[in-house]
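Inside the fold
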Amino acid sequence: MRYSGRMKSTLIGIFTLAGLATGAVAQDCDPGEILGASVDIPTGIEPASIAVGDLDGDVIMDLVTGNIWSNSISVLFGDGAGGFDGRVDYRTGQLPRDVAIGDFDGDGSADIVSTAASSTFVSVFFNSGDGTFAAPAELPTGADSRFVLTADLDADGNDDILVADSNGMSVLMSNGDGTFQDGVALSVGGLVWSFAVDDFNGDETLDLAVANNSDDTIHLLLGNGDGTFVPAASDLPTGPSPRSVASADVNNDGIADLAVANWDGDSVSVFIGTGGGVFAPREDYSTGERPIFVAIEDLTGDGRPDLLVANLGADSVTVQPGSASGFFGPRQDLPLGWRSVVFGAGDFNGNGNIDLAIPSLDGNFVSVFTGCGDGLPPSIEAQPVSAVRDAGESMQFSVHASGSAPLSYQWYRDGEPLDDTGNISGAGTDSLSVTGAGIEDAGVYDVVVSNDAGDIASDPAVLGVRITCRADLNNDGAVNFFDISAYLQLFNAGCP
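For clarity, every value in this text was computed on a predicted model and none was experimentally measured.

Time to look at the sheet that holds strand 10 (residues 137-140). Pairing within the open sheet is antiparallel, and its four strands lie in the order 7-8-9-10. On the outer flanks of this sheet lie strand 7 (99-102) and strand 10, each paired with one strand and no other. Pairwise comparison of adjacent strand axes, ignoring direction, gives a mean angle of 25° for this sheet. Here strand 7 runs beside strand 8 (residues 111-114); their pairing, made up of four bridges, is antiparallel. Across the sheet, residue isoleucine 101 finds its bridge partner in strand 8, namely isoleucine 112.

As a further point, take the pairing of strand 35 (residues 395-398). Burial along strand 35 is one-sided: the residues Met395 and Phe397 are buried and none of Gln396 and Ser398 is. Note: strand 35 against strand 40 (residues 431-434), four bridges, orientation antiparallel. Looking across to strand 40, one finds that methionine 395 is bridged to valine 434.

As a further point, take the pairing of strand 42 (residues 454-457). Pairing of strand 41 (residues 443-451) with strand 42, which is carried by four bridges, proceeds in the antiparallel orientation. Note that in strand 42 the partner of valine 448 across the bridge is alanine 457. The loop that links strand 41 with its antiparallel partner strand 42 comprises two residues.

Take the pattern of salt bridges next. Tallied over the entire structure, the rule returns nine salt bridges. With a closest N to O distance of 2.9 Å, aspartate 362 and arginine 339 form a salt bridge. In this pair, aspartate 362 is assigned in the loop between strand 31 (355-359) and strand 32 (365-371) and arginine 339 in the loop between strand 29 (332-335) and strand 30 (344-346), connecting sequence segments 23 residues apart. For arginine 339, a relative accessible area of 29% gives the class partly exposed. A salt bridge links arginine 466 to aspartate 390; its shortest N-O distance comes to 2.5 Å. One end of the pair, arginine 466, is in strand 43 (residues 461-466); the other, aspartate 390, is in strand 34 (residues 387-390), with 76 residues separating them in the sequence. Linked through salt bridges whose partners overlap, the residues forming this network are Arg97, Asp144 and Arg146.

This paragraph deals with the nonpolar core. Leu63, Phe343 and Ile358 are the most contacted members of the largest nonpolar core, which totals 38 residues. Contributing elements (two or more residues each) for this core: strand 2 (35-42), strand 3 (47-53), strand 26 (291-297), strand 27 (306-311), strand 28 (316-320), strand 31 and strand 32. A total of four residues in this core trace back to one element, the largest contributor, which is strand 32. If sequence neighbours within four positions are ignored, phenylalanine 343 has contacts with Ile50, Phe293, Ala295, Leu308, Val309, Ala310, Val317, Leu356, Ala357, Ile358 and Pro359. Listed in part, the 20 residues of the second largest apolar core include Ala387, Ala427, Ala437 and Tyr445.

The rules behind these values
Residues numbered from 1 in each chain as written. Predicted model: local features only at pLDDT ≥ 70, side-chain atom pairs only at ≥ 80, totals over all residues. Heavy atoms only, no water. Pairing = 2+ DSSP bridges. Helix = DSSP H or I, 4+ residues; strand = E, 2+ residues; numbered from the N terminus. Axes fitted to C-alpha atoms, helices over the stretch in contact; angles between N-to-C directions. Buried < 20%, exposed > 50% of the residue type's maximum accessible area, 1.4 Å probe, protein only. Salt bridge = Lys/Arg side-chain N within 4 Å of Asp/Glu carboxyl O. Core = buried A, V, L, I, M, F, W, Y, C linked by side-chain atoms within 4.5 Å. Contact = heavy atoms within 4.5 Å.

Shown next as structure tokens:
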């Protein structure tokens with residue numbers, strides 16, 4: 001999807017490869033794993049893009065890949081158990097960098113559109129209703145088409161096509177009968193590699209967020225509801241060289257948010273929408289080297305959207321778990337061992353978890369990973385700290401942990417679990433309080449943090465209680481027998 005390479009000649013036509021069945025994706029997941037076992041599904045030569053949808057009407061997710069060096073798309077039919085079979089390849093224009101799925105003729109079946117970087121058109125494959133496709137229609141666009149997305153821009157029930165090309169962008173409005181209006185060039189300034197469509201200002205029409213690679217911004221265009229757009233009041237500054245943008249409601253407030261992969265910044269910028277097309281200042285999160293694609297999916301299965309990033313320079317996928325606040329936790333990098341510039345997400349085996357389909361630029365296959373969906377196990381970012389307090393002073397131990405919610409806490413002293421009794425409070429939270437510490441409170445404290453995906457114990461922290469020796473040891477205002485008993489306790493605790 002975000003790939004440039006040498007041009008090769010192409011043949012226009014249709015060809016099939018039947019009988020390429022594959023086994024189901026293995027379901028094995030070790031505790032705490034995000035992705036489990038995978039299977040490799042054969043495709044055309046160097047698949048650089050992927051789209052996910054139900055192409056044959058069996059309510060099972062299928063795959064389409066755009067294959068750079070075979071100038072083709074591969075249609076792979078899901079079997080509902082995580083496997084794919086019955087591959088069919090269709091010829092495209094030269095260098096099909098991207099593919100997308102939409103219903104362009106209103107028949108209820110999913111059609112396919114493919115870009116052609118060395119041509120001045122996109123190829124539209126109309127579905128016969130059973131997952132087979134006739135020779136493509138070619139719709140004129142600008143040159144060097146590199147990204148395509150489908151959406152119903154005018155709310156007429158038919159998907160329209162948006163393309164990033166030499167015009168900046170081209171918008172092709174569907175007539176609903178398999179024909180399209182002439183493409184309209186949309187100048188957005190700078191080099192466009194990616195864009196997202198969503199209702200950013202809450203007026204129930206679709207808007208555009210365009211990643212401008214050359215000026216390090218997201219250019220916001222507000223939709224008029226008819227396929228035309230007007231610029232928003234201001235752009236959003238990103239990290240260096242934004243290459244991919246995704247939209248979703250990451251903090252569950254009903255307002256669309258944005259995530260942008262910054263190619264030269266090895267980071268993702270997240271913009272939280274505040275309503276009316278306005279966004280809070282960005283938060284940046286580190287990624288692997290050369291992040292080229294970003295998506296927002298609940299891969300960890302905890303009900304909160306996560307950031308997923310393809311790192312072309314690191315041959316990895318970065319996962320940063322979401323939270324209720326819209327902030328993202330510490331990243332986990334999942335090594336692939338081969339280059340990829342994109343992935344597709346869906347429930348391919350019907351178990352309710354999100355799986356990933358990742359095309360390989362170093363091989364002619366897409367690797368389908370089963371999603372474990374067990375959430376991220378807890379990790380401790382800040383440990384409790386040892387301290388010494390005078391007798392009667394208070395002490396607080398705190399720990400900062402991350403992982404899939406909900407997190408549970410249990411504090412211990414000298415290996416024994418604590419509860420909220422006496423001068424102890426917060427025994428089941430991330431902050432334990434000891435009020436008016438006495439010699440009986442001295443000891444070694446730690447906490448175990450747990451969730452459905454696992455548990456972890458903190459480092460130990462020591463509370464020392466410093467005793468001041470005096471005659472009225474029990475503070476009752478008199479020196480008497482009871483002070484002798486208190487003295488013996490103090491002596492045993494080390495008071496001279």
